[in-house]
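The chain contents come next:
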Amino acid sequence: MQRRVYADNAATTKLSPQVLNKMMPYFTDIYGNASSIYTEGAKASAAISEARKTIADCLGCDPAEVFVTSGGSESDNWAIKGAAHLMMKKGKKHIISSAFEHHAVLHTLDSLKKEGFEITLLPVYENGIVKPDDLRKEIRDDTALVTIMYANNEIGTIQPIDELAAICKERGVIFHTDAVQAVGNVPINVHKQNIDMLSLSAHKFHGPKGCGALYIRKGLRIPNLIDGGAQENNRRAGTENTAGIVGMAEALRIAVSTMDERGKRLSEIRDRIIDGLLIIERSRVNGDRVKRLPGNVNMCFEGIEGESLLLNLDLRGIAASSGSACTSGSLDPSHVLLSIGLPHEIAHGSMRLSFSDENTLEDADYILQCVPSIVKMLRDMSPLWERIKKNEMQTKGSN
C-alpha cells in the first residue's frame, strides 16, 4: 500500500477523534433546537453556552463577545461590511487592508468599493509582512476600518498585530483581523492586543467544517449580516448548529492547550524541509523564515509549473497545494506571491506544504526524498528551464 502524507492542513484539517466524540451526543441524543424552552432545547442551549465560554477563554474575551458563524468567510464579510456600513453613517468611507489578504476579505472590499468606499491596500514587501509605519502614513480622519490578516494563508507570515492594533486604537479606528490561520497556532488575547474584531474557522484546527466565530468587542454594534430569528443575542439569525459549536470549542481548547509543544515539533518539520529543499538549484522560500507559522512551508522552483509538481506529488502519495484552496481552480499565479514581488514565471512554480499534529519527521524525510526528483524530471522536460540555463551560460560567458 502506498504511503500517504497529508500536507495541506492550511486548506483543512482532519476532524479530531476526541472532537468527534464530544460532538456525537448532539447528533443523536441532545438534538433539540437550542432556541426552544423545553428540556431537549434547554440542554442544547446549555451546551452552546458552555462552548461559548470555552471559546472566549481561549481568545481572552467575554462569552457575550463571541458570535457563532458558518466559518471564516462569513465572519470576514460580517465584520468588514458591518464596520463599513456603521462608520459610513459618520461620514467615514475609507478602508485600509493589505495586498495579500484572503479573497474573503479582498472580494468583500471589492463589493464595498462599488458602494463608494475608498480602499487602500498596504504593501507586504519581499518578506510578506506589513510595516506599521505604512499604516501610520495611510490612516486618515475618514478611515472607517483597518483589516489585516493575522497570518497569511499561503506563505504563513505572521503580522505585527499588536503594533497595528495599537495604531488603530490611538486613532480611534476599528481594527479587524482575519485570524483563520493563526487561531490555535499562535497565542492570542484580543483584549490585551486591542483587537476589535477577529474571525476564526473551526476546520483549521481539527474542528468541524461549516462552523466558525466572530469576536466583536463589547460596545461595537455593527449591523447584522443575516437577519431572521433572535439567535446569537439577535445578532446572527439561524438555528444553532449545536454539534458544530460544541466541536469547535473542544477543538480550540485542545489546540490552545497543546500549542507550545506542537509548535516546537511543527517548526522542526518545517525547518528540516526548507533546509533540505533549498539545496535544489534556483529554489527559494517565500516569506520570512522566522516570523511564520510553525507548520508552513512555501517555496518556488524556477523552470516548472506548480500544478505539474502537485500532480506528481499526489502520484507519490503527498497531498500539497500551490496556495489557497479557495482559488485552486484558477490558472493565474497566486496574488500573494505577486504581492511579495515574484514575477509571474517564478510564482507559477510554487508549492505550499502545511502540517498538523498528525505529521512526523518521517513525513518530512519522505517529502525530501520525492520533491527533488520530481523537480528534476519536470525541468528536464521544460523548455523554460532550458532557456533559463542557456541565458545563465551566456551571462557567465560574457563575464
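From a predicted model like this one, the values you see are computed outputs, not experimental measurements. (Residues numbered from 1 in each chain as written. Predicted model: local features only at pLDDT ≥ 70, side-chain atom pairs only at ≥ 80, totals over all residues. Heavy atoms only, no water.)

**Topic: the sheet that holds strand β7 (residues 197–201)**
The 7 strands lie next to each other as β2-β8-β7-β6-β5-β3-β4, forming an open sheet whose pairing is mixed. Two strands bound the open sheet, and with one partner strand each, they are β2 (66–69) and β4 (118–122). This sheet shows a mean twist of 20° between the axes of neighbouring strands, independent of strand direction. Bridging between β2 and strand β8 (residues 212–216) involves 4 bridges; their strand directions are antiparallel. Bridging from a neighbouring strand, threonine 69 pairs with glycine 212 of β8. On top of the sheet, helix α5 (residues 103–113) reaches β3 (94–98), β4, β5 (143–147) and β6 (174–178); it is set at about 160° to β3, its chief contact. Running over the sheet, helix α7 (residues 161–171) touches β5 and β6 and is turned about 155° from β6. (Pairing = 2+ DSSP bridges. Helix = DSSP H or I, 4+ residues; strand = E, 2+ residues; numbered from the N terminus. Axes fitted to C-alpha atoms, helices over the stretch in contact; angles between N-to-C directions. Contact = heavy atoms within 4.5 Å.)

**Here's the deal with helix α14 (residues 361–380)**
A rise of 1.5 Å per residue sets the reference length of α14, with its 20 residues, at 28 Å; its end C-alpha atoms lie 29 Å apart and thus fit the reference within 8%. Where α14 is concerned, the buried positions are Asp363, Ala364, Tyr366, Ile367, Cys370, Val371, Ile374, Val375, Leu378 and Arg379. Take α14 and look down its axis: the buried residues cluster within an arc of 165°, on one side only. Of the exposed residues in α14, those oriented more than 90 degrees away from the buried face are Glu362, Gln369, Lys376 and Asp380. (Expected span 1.5 Å × (residues − 1). Buried < 20%, exposed > 50% of the residue type's maximum accessible area, 1.4 Å probe, protein only. Arc of directions from axis to C-beta.)

**Some remarks on the sheet that holds strand β12 (residues 350–354)**
Overall, antiparallel pairing links the 3 strands, which are arranged β9-β10-β12 in an open sheet. For this open sheet the edge positions go to β9 (283–285) and β12, each flanked by a neighbour on one side alone. Ignoring strand direction, the axes of neighbouring strands in this sheet form an average angle of 25°. Looking at chain direction, β9 and strand β10 (residues 296–301) are connected through 3 bridges and run antiparallel. Looking across to β10, one finds that arginine 284 is bridged to cysteine 300.

**Some thoughts on the packing of helix α10 (residues 259–277) against α14**
It is the contact of α10 with α14, at a shortest axis distance of 9 Å, that shows an interaxial angle of 20°. If you check the angle between α10 and α14, you find them roughly parallel. Between α10 and α14 the crossing geometry is right-handed. Side by side, α10 and α14 meet where Glu268, Ile269, Arg272, Ile273, Gly276 and Leu277 of the first sit next to Leu361, Ala364, Asp365, Ile367, Leu368, Val371 and Pro372 of the second. Here the residues of the contact of α10 with α14 are counted per class, giving 9 nonpolar, 1 polar and 3 charged. (Parallel < 35°, antiparallel > 145°, perpendicular 65-115°, else oblique. Left-handed = near helix turned anticlockwise from the far one by under 90°. Nonpolar A, V, L, I, M, F, W, Y, C, P; charged D, E, K, R; others polar.)

These results come straight from atomic positions and should not be treated as a statement about function.
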